[in-house]
Amino acid sequence: MLKPAVVEFSGVFCLTFMVTVARGGSLQSFGMCLFLLYAAITFAVQRVSSGQLNPALSISLLLARGTTFGRAIGLFIAQVAGSLAGGFAAKAIGRSAMPTLMPGNLVAGAVCEVMIAFAVAFAFCSLTLSPSAPKFVLGTCIAGILLAYTLVTYRVSGACGNLIFFLGPAIANMRFGIEWAIYPAAHIFGSALACLAFGLFTKRTFQPKDDSTVEEALSEVPPVESGRASQSLRASQTSKKTE
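Residues numbered from 1 in each chain as written. Predicted model: local features only at pLDDT ≥ 70, side-chain atom pairs only at ≥ 80, totals over all residues. Heavy atoms only, no water.

## Comments concerning the overall build of the protein chain
When helices and strands are counted, the protein chain shows 10 helices and 0 strands. Starting at the N terminus and walking to the C terminus, you meet the elements of the protein chain as α-α-α-α-α-α-α-α-α-α. Considering the protein chain as a whole, with its 243 residues, one finds that 45% of them fall into the buried category. Long-range pairs, those at least 24 residues apart, make up 78% of the contacts in the protein chain between residues at least 6 apart in sequence. On the protein chain, roughly 11800 Å² of surface is accessible, and the fraction owed to carbon and sulfur atoms is 68%. (Helix = DSSP H or I, 4+ residues; strand = E, 2+ residues; numbered from the N terminus. Buried < 20%, exposed > 50% of the residue type's maximum accessible area, 1.4 Å probe, protein only. Contact = heavy atoms within 4.5 Å. Areas by Shrake-Rupley, 256 points an atom, 1.4 Å probe, with all protein chains shown as cover.)

## Section: the side chain of Ser83
Structurally, Ser83 can be placed in helix H4 (residues 69–92). A polar atom in the side chain of Ser83 sits 2.7 Å from the backbone oxygen of Ile164. Here Ser83 is in contact with Val12, Thr16, Ile164, Leu167, Gly168 and Pro169, once residues within four sequence places are set aside. (Polar contact = N/O pair within 3.5 Å; in protein donor to acceptor, adjacent residues only side chain to side chain.)

## Examining the packing of helix H1 (residues 2–22) against H4
Where H1 meets H4, the axes come as close as 7 Å, and the angle between the chain directions of the two elements is 35°. Crossing of H1 over H4 shows right-handed handedness. Its residues assigned to classes, the contact of H1 with H4 shows 13 nonpolar, 8 polar and 2 charged. (Axes fitted to C-alpha atoms, helices over the stretch in contact; angles between N-to-C directions. Left-handed = near helix turned anticlockwise from the far one by under 90°. Nonpolar A, V, L, I, M, F, W, Y, C, P; charged D, E, K, R; others polar.)

## Some words on the packing of aromatic side chains
Under the counting rule described, the total for this entry stands at 7 aromatic pairs. Pairing Phe122 with Phe198 gives two aromatic rings, centres 6.0 Å apart and planes at 80°, and the pair type is edge-to-face. On the criterion of sequence distance, the pair formed by Phe122 in helix H5 (residues 106–128) and Phe198 in helix H8 (residues 179–202) is long-range, its members being 76 residues apart. Assessed through its relative accessible area of 26%, Phe122 is described here as partly exposed. Among the residues examined, Phe198 registers a relative accessible area of 5% and is labelled buried. (Phe/Tyr/Trp six-rings, centres within 6.5 Å; stacked < 30°, edge-to-face > 60°.)

## What about the nonpolar core?
Formed by 37 residues in total, the largest nonpolar core has its most connected members in Leu15, Tyr38, Leu53, Ile142, Leu146 and Phe165. Mapped onto this core, the elements with two or more residues apiece are H1, helix H2 (27–49), helix H3 (55–63), H5, helix H6 (138–157), helix H7 (164–172) and H8. At 8 residues, H2 tops the list of elements feeding residues into this core. Contact partners of Ile142, with chain neighbours within four places excluded, come to Tyr38, Val120 and Phe124. (Core = buried A, V, L, I, M, F, W, Y, C linked by side-chain atoms within 4.5 Å.)

## Section: the packing of H5 against H8
Following both chains from N to C, one finds H5 and H8 inclined at 40°, their axes separated by 7 Å at the closest point. Between H5 and H8 lies a crossing whose hand is right-handed. Packed against H5, whose contacting residues are Leu106, Ala110, Glu113, Val114, Ile116, Ala117, Phe118, Ala121, Phe122, Cys125 and Ser126, the element H8 presents Ile182, Tyr183, Ala186, His187, Phe189, Gly190, Ser191, Leu193, Ala194, Cys195, Ala197 and Phe198 at the interface. Its residues assigned to classes, the contact of H5 with H8 shows 18 nonpolar, 4 polar and 1 charged.

## A few points about H8
Look at H8: 34 Å from first C-alpha to last across 24 residues, which is about the 34 Å you get at 1.5 Å a residue. Elements in contact with the buried residues of H8: H3, H5, H6 and H7. (Expected span 1.5 Å × (residues − 1).)

## Topic: the side chain of Thr20
Structurally, Thr20 can be placed in helix H1. Within the structure, Thr20 has its side chain in polar contact with the backbone oxygen of Thr16 (distance 2.6 Å). Residues contacting Thr20, with those up to four places away along its chain left out, are Leu15, Ala90, Arg95, Ala97 and Pro169.

## Considerations on a nonpolar patch on the surface
A cluster of nonpolar side chains, namely Val107, Val111 and Met115, defines an oily patch on the protein surface of about 310 Å² accessible area. Within the element layout of this structure, Met115 appears in helix H5. The class for Met115 is exposed, based on a relative accessible area of 54%. (Patch = residues over 30% accessible without salt bridge, like charges linked within 9 Å, V, L, I, M, F, W, Y side chains within 5 Å. Salt bridge = Lys/Arg side-chain N within 4 Å of Asp/Glu carboxyl O.)

## Points about the environment of Cys33
Tracing the chain through its elements places Cys33 in helix H2. For the pair Cys33 and Ala22, spaced 11 residues apart in sequence, the C-alpha separation works out to 7.0 Å.

## Observations regarding the confidence of the model for the protein chain
Looking at the protein chain, pLDDT values average 81 and 83% of them are 70 or higher. The lowest-confidence element of the protein chain is helix H9 (residues 214–220), averaging 43 in pLDDT; the highest-confidence one is H4, averaging 93. Every residue in residues 205–215 scores below 50 in pLDDT, and together they form 29 contacts with partners more than four places removed in sequence or on other chains. Per-residue pLDDT stays below 50 along residues 217–230; that stretch engages in 9 contacts with residues further than four places along the chain or on separate chains. (pLDDT = per-residue confidence, 0-100.)

Written out as structure tokens, the structure is:
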């Protein structure tokens, strides 16, 4: 558990710091920077931590029974800490840009954030929890979704896209506006809805046990009925005990 947490902390720190610094530039340059950074860092960390890099996604996976409690909380703490470290590091060099909702567009901004949270979480579940999915495209896929979202909705929702880009910079710069009531709720709601929708869509009922996650379990068990697989496992264990 320590290694995934350290990896998530490092990945979130790099993302938060670099994206906060880049947010002060033009929209096009910021979007491309976000795309390249997210794709590269997700690819680098996904073999260790599954590449969540998102506190809302970690909690939502827990609600959707896609991970264990200890792993979800551990990664959540590491992600929030990484976001805080990245926010304070950006402030130290004079960069304090952060996503901000436009006055008069609060409802539209909240809806946009729910939609991006849903899209990112559903893509994550589809590429991580499905045994046959090409997991190496996870970073590129999510980065592409965030790029398109940023270019389209930046002037409406501030293009938060991921809570790490808001939490750290907001606390580092002591900004406590209406965004605190909208961004976290919108992202947790959208991510949880996506995880539950994925579970219903694929009809997966695989349960994590011990400290393993569904991601790990699905990568080890062939795509057959879970009941039949568990019966075969019990039969083999019984035969070993008899011998």
